[in-house]
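A closer look at the structure
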Amino acid sequence: MAVLEIIGAAPSNYVWTARIACEEKGAPYALTQARPHSPELLAVNPTGKIPGMRHGDCTLFETRAICAYIDKAFSGPSLVPADAIGAAKVEQWISCVNTQLDPVLMRQYALAYFFPSTPDKSPDRALIDAALPKVEKALDLLDRTVAPTGHLVGESFTLADAFILPILHYLRKLPESAAMIAKRPALAAYAERHLARPSVAKTTPPPPAAR
Ligand SMILES: N[C@@H](CCC(=O)N[C@@H](CS)C(=O)NCC(=O)O)C(=O)O
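What comes next is a walk through the structure. All values derive from a computational prediction rather than experimental measurement.

Procedures and definitions
- Residues numbered from 1 in each chain as written.
- Predicted model: local features only at pLDDT ≥ 70, side-chain atom pairs only at ≥ 80, totals over all residues.
- Heavy atoms only, no water.
- Pairing = 2+ DSSP bridges.
- Helix = DSSP H or I, 4+ residues; strand = E, 2+ residues; numbered from the N terminus.
- Axes fitted to C-alpha atoms, helices over the stretch in contact; angles between N-to-C directions.
- Contact = heavy atoms within 4.5 Å.
- Near = heavy atom within 4 Å.
- Polar contact = N/O pair within 3.5 Å; in protein donor to acceptor, adjacent residues only side chain to side chain.
- Areas by Shrake-Rupley, 256 points an atom, 1.4 Å probe, with all protein chains shown as cover.
- Parallel < 35°, antiparallel > 145°, perpendicular 65-115°, else oblique.
- Nonpolar A, V, L, I, M, F, W, Y, C, P; charged D, E, K, R; others polar.

Quick word on the sheet that holds strand 4 (residues 58–61)
With respect to topology, four strands assemble into an open sheet ordered 2-1-3-4, the strand pairing being mixed. Of all the strands in the sheet, the pair left with one neighbour each is strand 2 (29–33) and strand 4. Geometrically, the sheet is characterised by an average inter-axis angle of 20° between neighbouring strands, direction not taken into account. In this sheet, strand 2 lies alongside strand 1 (residues 4–8) in parallel orientation, the contact comprising five bridges. Bridge assignment links glycine 8 to a residue of strand 2, and that residue is glutamine 33. In the packing of helix 1 (residues 13–25) onto the sheet, contacts are made with strand 1 and strand 2, and the angle to strand 1 comes to roughly 160°. On the sheet, helix 3 (residues 63–73) packs against strand 1, strand 3 (52–55) and strand 4 and is oriented at approximately 140° with respect to strand 4.

Quick word on the site of the ligand
Within the structure, the ligand sits among Ser12, Asn13, Tyr14, Pro36, His37, Lys49, Ile50, Pro51, Glu62, Thr63 and Arg107. In the environment of the ligand, an oxygen atom lies 2.7 Å from a nitrogen or oxygen atom belonging to the side chain of histidine 37. Within the backbone of isoleucine 50, one N or O atom sits 2.9 Å away from a nitrogen atom of the ligand. Protein burial of the ligand: of its 500 Å² of free accessible surface, 78% is covered by the chains.

So, the packing of helix 6 (residues 159–171) against helix 8 (residues 185–195)
For the pair helix 6 and helix 8, the least separation of the axes is 10 Å and the interaxial angle reads 100°. Here helix 6 lies roughly perpendicular to helix 8, going by the angle between them. Here Asp161, Ile164, Leu165, Leu168 and His169 of helix 6 lie close against helix 8, whose contacting residues are Leu187, Tyr190, Ala191, His194 and Leu195. Here the contact of helix 6 with helix 8 is composed, by residue class, of seven nonpolar, two polar and one charged.

As structure tokens, this is what we get:
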């Protein structure tokens, strides 16, 4: 069968999550570079968002669905616990990342630095300042959750961790969120430890080229 393709741009936190899943499973894959809404991407995802996936005749979009396929189609260690509570908790955290954490931490806060819509392309202070109380609240939630075991769910690395770690990588690069993480020891240790995990370190996007 053809090699599995993750289609998207390496800096995307969602593309990164899909690649972590491939690495964790030991699934051979290729990253096919494509921007959102490009023809290559629209061929596998009519919504235009990255990532998309192609494996032989199978095409998929939505990171959770792509990761579900990778988890079932390859024989490496399962990314979701087998027990009912563990599996449901992983779904709970992925859903929380997708519907509550990513929209604030990435779409509102981080993208106001990385892709500002200000006329001079300087960071969008109004959006950033409005996001900060919500960023604090989200980081409190994560800090409390990882404190007992050093994972989002249970005692080991799961797909839930693969969804939040790329976001934490970007938050550690930005001034307000970096300071907030540093003040939360459990979350700081969690980020430090898991961002060095081989599947995560190997897929970390290169820093943007200097302009
Ligand atoms: N729900 C989608 C979200 C993917 C997503 O938001 N991707 C971003 C990049 S990180 C994107 O394609 N943005 C471009 C756009 O929304 O038009 C998933 O889980 O795959």
